[in-house]
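Per-entry structural report
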Amino acid sequence: MFISFEGIDFSGKSTQCHLLEKFLTEKGYDVVLLREPGGTRISEIIRKLLLDKRAGDMSALTELLLYSASRAQLVDEVIRPAIVSGRAVICDRFTDSSTAYQGFGRGLEIKEIEMINKVATNGLEPDLTIFIDVTVEESLKRLKLAGKLKDRIESEGTRFFELVRQGYLQLATRHKDRFKVVDGMDDIDNIKRRVKEIVVKRFTIK
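In short, a report on the structure.

What counts, and at which threshold
Residues numbered from 1 in each chain as written. Predicted model: local features only at pLDDT ≥ 70, side-chain atom pairs only at ≥ 80, totals over all residues. Heavy atoms only, no water. Helix = DSSP H or I, 4+ residues; strand = E, 2+ residues; numbered from the N terminus. Rg over C-alpha atoms; globule rule 2.2 N^0.38 Å. Buried < 20%, exposed > 50% of the residue type's maximum accessible area, 1.4 Å probe, protein only. Contact = heavy atoms within 4.5 Å. Core = buried A, V, L, I, M, F, W, Y, C linked by side-chain atoms within 4.5 Å. Phe/Tyr/Trp six-rings, centres within 6.5 Å; stacked < 30°, edge-to-face > 60°. Patch = residues over 30% accessible without salt bridge, like charges linked within 9 Å, V, L, I, M, F, W, Y side chains within 5 Å. Areas by Shrake-Rupley, 256 points an atom, 1.4 Å probe, with all protein chains shown as cover. Salt bridge = Lys/Arg side-chain N within 4 Å of Asp/Glu carboxyl O. Lys, Arg positive; Asp, Glu negative; His and termini not counted. Charge placed at Lys NZ, Arg CZ, Asp CG, Glu CD. Axes fitted to C-alpha atoms, helices over the stretch in contact; angles between N-to-C directions. Parallel < 35°, antiparallel > 145°, perpendicular 65-115°, else oblique. Left-handed = near helix turned anticlockwise from the far one by under 90°. Pairing = 2+ DSSP bridges. Expected span 1.5 Å × (residues − 1). Arc of directions from axis to C-beta. 1 Å grid on protein atoms, 1.4 Å probe; cavity = no way out; pocket = protein on both sides within 12 Å on 5 of 7 lines; lining within 4 Å. Points joined across faces, edges and corners; volume = space filled by probe spheres on them. Nonpolar A, V, L, I, M, F, W, Y, C, P; charged D, E, K, R; others polar.

**A closer look at the overall build of the chain**
Along the backbone of the chain there are 8 helices and 5 strands. Ordered by position from N to C terminus, the α and β elements of the chain give β-α-β-α-α-β-α-α-β-α-α-β-α. Rg of the C-alpha trace for the chain: 16 Å, near the compact-globule value of 17 Å for 206 residues, within the 12% margin. Buried positions account for 47% of the 206 residues belonging to the chain. When contacts within the chain are restricted to residue pairs at least 6 apart in sequence, long-range pairs at least 24 apart make up 79% of them.

**Regarding the nonpolar core**
Side chains of a nonpolar character, in soluble globular proteins, are inclined to be buried together. Ile8, Leu50, Tyr101, Val164 and Tyr168 are the most contacted members of the largest nonpolar core, which totals 21 residues. Going through the elements one at a time, helix 2 (41–51), helix 3 (60–84), helix 4 (95–105) and helix 7 (158–174) are the ones with two or more residues in this core. The residues touching Leu50, leaving out its near neighbours within four places in the chain, are Pro37, Met58, Glu63, Leu66, Tyr67 and Arg152. By size, the runner-up hydrophobic cluster in this structure holds 18 residues, among which are Val31, Leu128, Ile132 and Ile191.

**Some points on the packing of aromatic side chains**
Enumeration according to the criterion identifies 5 aromatic pairs in this entry. Aromatic pair Phe2 and Phe94: ring centres 5.1 Å apart, planes at 80°, arrangement edge-to-face. With Phe2 in strand 1 (residues 2–6) and Phe94 in the loop between strand 3 (88–92) and helix 4, this pair connects stretches of sequence that are 92 residues apart. The same class applies to Phe2 as to Phe94, namely buried. Ring centres of Phe131 and Tyr168 lie 4.8 Å apart, and the angle between their planes is 25°; on these two criteria the pair is classed as stacked.

**A closer look at a negative patch on the surface**
A contiguous patch of negative charge, built from Asp183, Asp186, Asp187 and Asp189, is present on the exposed surface. When you line up the elements, Asp186 lands in the loop between strand 5 (179–183) and helix 8 (188–203).

**Let's talk about the packing of helix 4 against helix 5 (residues 110–121)**
Direction vectors running N to C along helix 4 and helix 5 enclose 150°, while the axes themselves pass 10 Å from each other. Taken together, helix 4 and helix 5 sit at an angle that is classed as roughly antiparallel. For the pair helix 4 and helix 5, the sense of crossing is right-handed. Along the contact surface, helix 4 presents Thr95, Ser98, Thr99, Gln102, Gly103 and Phe104, while helix 5 presents Ile110, Ile113, Asn117 and Thr121.

**Structural notes on a positive patch on the surface**
Taken together, the side chains of Lys27, Lys192, Arg193 and Lys196 define a basic patch exposed on the protein surface. The residue Lys27 is located in the loop between helix 1 (13–26) and strand 2 (31–35) in this model.

**Focus on the sheet that holds strand 4 (residues 128–133)**
One open sheet holds the 5 strands; their spatial order is 2-3-1-4-5, and the pairing between them is parallel. Lying at the two open borders of the sheet, with one neighbouring strand each, are strand 2 and strand 5. The average angle at which neighbouring strand axes cross in this sheet is 20°, direction not considered. Pairing between strand 2 and strand 3: 5 bridges, direction parallel. Paired with Leu34 across the two strands is Cys91, which belongs to strand 3.

**Concerning helix 8**
Here helix 8 contains 16 residues, and its C-alpha end-to-end distance of 22 Å stays within 8% of the 22 Å for a straight helix at 1.5 Å per residue. For helix 8, the set of buried residues is Ile191, Val195, Ile198 and Val199. End-on view of helix 8: buried residues confined to an arc of 95°, all on one side of the axis. Residues of helix 8 that are buried in the fold lie against strand 1, helix 1, strand 4 and strand 5. Of the residues one or two after helix 8, Thr204 is the one with positive phi, at around 50°.

**Some words on the layout of surface pockets**
Within this model, the largest pocket holds a volume of roughly 520 Å³. Asp9, Lys13, Arg47, Arg93 and Glu154 are the residues nearest the centre of the largest pocket, which is lined by 24 residues in total. Counting only elements with at least two residues in the lining of the largest pocket, the list comes to helix 1, helix 2, helix 3 and helix 4. Residues belonging to the lining of the largest pocket are distributed by class as follows: 7 nonpolar, 6 polar and 11 charged. Taken together, 15 residues make up the lining of the second largest pocket; nearest its centre are Thr95, Glu114, Asn117, Glu125 and Arg178.

Shown next as structure tokens:
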């Protein structure tokens, strides 16, 4: 079982990752919860560079390749061994983030990104991707309420995040079997219930 969660910043996907981990653990699954970029020593070092506002002059291609390098390490060191050993893997972001952010958001070629994604993961894809959808206005509102300093990606403007969100929606249409869209504007408990329904149905959990 390999499940990824996607969404623009402050969509609530990280919260739902933790809630699903709790549910699956209660059902007897041995769960590995990961985030991207990150999850290994090397990947966390790359994460710091990617989110550092001092790296504002980073090119879109450099950004894509750094995310992909972090992901390659995570797949090789953690995800694939976990799947082989029969564990359930939940990942907060995966390849679709690169397609949405660096493709639709930054304007890099989608086909080239998909090729790099395939190389970085050695063809590994999630069995299920849950996209928590919120409006850009809601995302920015939540960011403001959180009162945290924006990282390099969060500092992008409204137009960028709208392109990313629309990109996700296009991916959901293209990959209907894998992608499930959940309304992130709903309250946490209703979102949790919907996510659980999707996962129980997909993996026939009793």
